[in-house]
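Close look at the chain arrangement
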Amino acid sequence: QVSFVESGGGLVQSGGSLRLSCAASESIASIYFMGWYRQAPGKQRELVGAATSDGTTTVVDSLKGRFTISRDNAKNTMYLQMNSLKPEDTAVYYCNTDLKTRGGYWGQGTQVTVSS
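Heads up: these notes are all about the structure in this document. Given the structure is predicted, the values throughout are model-derived calculations rather than measurements.

Turning to the pairing of strand S8 (residues 77-82), a few remarks are in order. When you tally the buried positions in S8, you get 5 out of 6 residues, the bulk of the element. Sheet analysis places strand S3 (residues 18-24) next to S8, joined by 6 bridges and oriented antiparallel. If you follow Ser21 over to S8, its bridge partner there is Tyr79. Relative to S8, strand S7 (residues 67-72) runs antiparallel, the two sharing 6 bridges. Bridge pairing in S8 places Phe67 opposite Met82.

By size, the foremost hydrophobic cluster in this structure holds 27 residues, and its most contacted members are Phe4, Trp36, Phe67, Met78, Leu80, Met82 and Tyr93. Contributions of two or more residues to this core are made by S3, strand S4 (33-39), strand S5 (46-52), S7, S8, strand S9 (91-97) and strand S10 (110-115).

Cut-offs applied
Residues numbered from 1 in each chain as written. Predicted model: local features only at pLDDT ≥ 70, side-chain atom pairs only at ≥ 80, totals over all residues. Heavy atoms only, no water. Buried < 20%, exposed > 50% of the residue type's maximum accessible area, 1.4 Å probe, protein only. Helix = DSSP H or I, 4+ residues; strand = E, 2+ residues; numbered from the N terminus. Pairing = 2+ DSSP bridges. Core = buried A, V, L, I, M, F, W, Y, C linked by side-chain atoms within 4.5 Å.

Read these as geometric descriptors, not functional statements.
Here it is as structure tokens:
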């Protein structure tokens, strides 16, 4: 039943920052795994990181130090703070549960474009 709307993307210069939001249509308190994913042109969609309902947040090693995930269950929203952006970060960014990911269900995502 739950669906997600990603927002906050845009055009930013290299070295800049963006904060993405993932707003859920209903409560996310009981959803164990919520992840951020991205897909660059011509590439496979890849996991950026995740927030679990126990409060743990993780980001893949290659993005640690630049990207931070947070989750606010009271607001039914997950966030992705992106700092020191690079052109290779250009992609469509998505949020999703692991179950919906395995089922192939995705929202529209939000476009992030980093200029050099």
